[in-house]
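Structural overview for review
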Amino acid sequence: MKIAVIPARGGSKRIPMKNIKNFSGKPIIAWSIEAAIKSKLFDRVIVSTDNHEIASIAKQHGADVPFMRSKHLSDDYTGTNAVVKDVIQNIHKNGEQVSYVCCIYATAPFVSSKYLIKARQNKIPIVNEAVMFFGLYPGKSIGITGTRGKSTTATILHHILKTKIKSNVVAGNIATNPMFTVLDKIKKNTWPVLELSSWHLENMAEYKKSPHIAVVTNVLVDHLNRYKNFAAYKKAKLAIVKNQNKDDIAVLNADNVHSYGFAKQTKAKKFFFSLHKKVRGAYLCKDWICFYDGQKKSRIMPIQEIKLLGEHNLANILAAVTVAKIIGVGNKNIRLAVSKFKGVDYRLQYKGRVKGIDIFNDSTSTTPDATQAALRAMQCRQVVLIAGGEDKQLDYR
């Protein structure tokens, strides 16, 4: 998703409520909102404010105000970066992804849609956080993408790697950690785990960037409200392995035809993971997770020790185990980390028991495939499904 963010707090001491003062016939903020909308460069134009009057006027002129800015970000000392970061994090919490952000000030009445369009037409470089991260970080990184399972796989892998690499971090599309918040804190041997959305990957393809280790959990039909068709969406996902070289490593889902097909389109060394067959990588063998490196097989842990529900989560664990073994994490460390892992928020997250009913929050299941996987994970339980959300032009039959 491409967004324009317009900061507009209500507490200016020099000119109170300056963001909605009349300027040439309309509130000054309206000029910025209308220029952003008219440019057609953004999927959403979001106003960040702590003031309900400003919020109301912003909505009247076509902007979104999906939340009110918190008090601690509305003082005289909070900078623009913190405000933009807050918007991105709030969007991520709702299961949506951000690829580009353009900050437009509310008191910029002469900004015009024609200048925004002109920048794109004249090929003025536009980069997202992933491109900048790969350009600035000198070490090797792990990139994880997929229609489903990115966050869970990235988080499990982070927990495993922390047993060996204390400075390891997880960042990117996962809501808790934008890449720039960790860039200055990590070392060359940190092996950062980066969750990469299709929006990240589109821009990475332009700059021919791919991670040293690339993981594709799966490629399923999604985001057809943004992409022309499934082929265009799949092409965006391919970017994670497309620019790898012979010294890099691709970890692919052997049970998903589209992910498996990426093997023919990358120069990298290939590893796989599978719930159903032996592969070079992690797979199931008689109720155990096993790993085969092409020469030797080893048993990692029994699946009965895993706390996560569902085969889809088992596949996520296999993907994480494959990467951990490639990097050299011992079986004992992997077993300890995986057996303790209880899951990620909003992904079949157990919330407790109310009047004899178990409550699970699976609000990031935003596709039919994801919802079906969650329902299968419930096995023989009687389920009351509460569902809704925005139409993504998918097949719900």
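Report on the accompanying structure.

Across its full length, the chain holds 12 helices and 16 strands. Against the globule reference of 21 Å for 397 residues, the chain gives a C-alpha radius of gyration of 23 Å, in line with a compact fold. With the principal axes as the frame, the chain shows a C-alpha extent of 75 × 55 × 40 Å. Taking all 397 residues of the chain together, 50% fall into the buried category. Sequence separation of at least 24 residues holds for 65% of the intrachain contacts in the chain that already meet a minimum separation of 6.

Taken N-terminus to C-terminus, the directions of helix H5 (residues 129-136) and helix H7 (residues 198-206) make an angle of 55°; their axes are 8 Å apart at the nearest point. On the basis of the axis angle, H5 is oblique to H7. In this structure, H5 uses Glu129, Ala130, Val131 and Phe134 to contact H7, whose residues at the interface are His200, Asn203 and Met204. Residue composition of the contact of H5 with H7, by class: four nonpolar, two polar and one charged.

A few words now on the packing of aromatic side chains. Enumeration over the complete set of coordinates arrives at six aromatic pairs. Consider the rings of Tyr260 and Phe272, whose centres lie 5.3 Å apart with planes at 45°: the pair is tilted. One end of the pair, Tyr260, is in helix H9 (residues 257-261); the other, Phe272, is in strand S11 (residues 269-274), with 12 residues separating them in the sequence. Owing to a relative accessible area of 41%, Tyr260 belongs among the partly exposed residues under this scheme. Joined through ring pairs, the aromatic side chains of Phe133, Phe134 and Tyr137 make up one cluster. For the cation-ring pair, Arg280 lies above Phe271, with the distance from its terminal atom to the ring centre recorded as 4.1 Å.

Although it is not a glycine, Asp287 sits at a positive phi angle of roughly 65°. As for its position among the elements, Asp287 is in the loop between strand S12 (281-285) and strand S13 (288-292). At Lys355, a position not held by glycine, the phi torsion is positive, near 50°. In this structure, Lys355 sits in the loop between strand S15 (349-354) and strand S16 (357-361).

Turning our attention to the pattern of salt bridges. By the definition in use, this model includes six salt bridges. A salt bridge links Lys26 to Glu34; its shortest N-O distance comes to 2.7 Å. Assessed through its relative accessible area of 29%, Glu34 is described here as partly exposed. A salt bridge links Arg44 to Glu96, with the nearest nitrogen and oxygen atoms 3.2 Å apart.

If you walk through the whole model with that rule in mind, you get one disulfide. Across a sulfur-sulfur distance of 1.7 Å, Cys285 and Cys290 are joined as a disulfide pair. The exposure class of Cys290 is buried, given its relative accessible area of 0%. Between Cys102, a cysteine without a disulfide, and Cys103, which holds the nearest cysteine sulfur, the sulfur-to-sulfur distance is 7.3 Å.

The next subject is a nonpolar patch on the surface. Together, Val127, Met132, Leu136, Phe180 and Tyr207 give the surface a local cluster of nonpolar side chains, amounting to about 430 Å² of exposed area. Of note, Phe180 is situated in the loop between strand S7 (170-172) and strand S8 (193-195).

Taking strand neighbours across the sheet as the criterion, the three strands line up as S4-S1-S5 in an open arrangement whose pairing is parallel. The open sheet terminates on both sides in strands that have one partner only, identified here as strand S4 (44-48) and strand S5 (100-103). Mean inter-strand twist for the sheet, computed between neighbouring axes without regard to direction, equals 25°. Alignment of strand S1 (residues 2-7) against S5, held across four bridges, turns out to be parallel. Bridged to Ile3 within S5 is Val101. Packing against the sheet, helix H3 (residues 80-93) makes contact with S1, S4 and S5, and its axis sits at approximately 135° to S1.

Moving on to the nonpolar core. Formed by 42 residues in total, the largest nonpolar core has its most connected members in Ile142, Leu157, Ile160, Ile213 and Ile289. Tallying contributions element by element places helix H10 (residues 311-327) first for this core, with 10 residues. Sequence-distant contacts of Ile289, that is, excluding residues within four places in its chain, are made with Tyr283, Leu284, Ser298, Arg299, Ile300, Met301, Ile303, Ile306, Leu314, Ile317, Leu318 and Val321. The next biggest cluster of nonpolar side chains, apart from the first, holds 36 residues, and it includes Met179, Leu201, Leu238 and Phe272.

Conventions we followed
- Residues numbered from 1 in each chain as written.
- Predicted model: local features only at pLDDT ≥ 70, side-chain atom pairs only at ≥ 80, totals over all residues.
- Heavy atoms only, no water.
- Helix = DSSP H or I, 4+ residues; strand = E, 2+ residues; numbered from the N terminus.
- Rg over C-alpha atoms; globule rule 2.2 N^0.38 Å.
- Buried < 20%, exposed > 50% of the residue type's maximum accessible area, 1.4 Å probe, protein only.
- Contact = heavy atoms within 4.5 Å.
- Axes fitted to C-alpha atoms, helices over the stretch in contact; angles between N-to-C directions.
- Parallel < 35°, antiparallel > 145°, perpendicular 65-115°, else oblique.
- Nonpolar A, V, L, I, M, F, W, Y, C, P; charged D, E, K, R; others polar.
- Phe/Tyr/Trp six-rings, centres within 6.5 Å; stacked < 30°, edge-to-face > 60°.
- Lys NZ or Arg CZ within 6 Å of the ring centre and 35° of its normal.
- Salt bridge = Lys/Arg side-chain N within 4 Å of Asp/Glu carboxyl O.
- Disulfide = S-S within 2.5 Å.
- Patch = residues over 30% accessible without salt bridge, like charges linked within 9 Å, V, L, I, M, F, W, Y side chains within 5 Å.
- Areas by Shrake-Rupley, 256 points an atom, 1.4 Å probe, with all protein chains shown as cover.
- Pairing = 2+ DSSP bridges.
- Core = buried A, V, L, I, M, F, W, Y, C linked by side-chain atoms within 4.5 Å.

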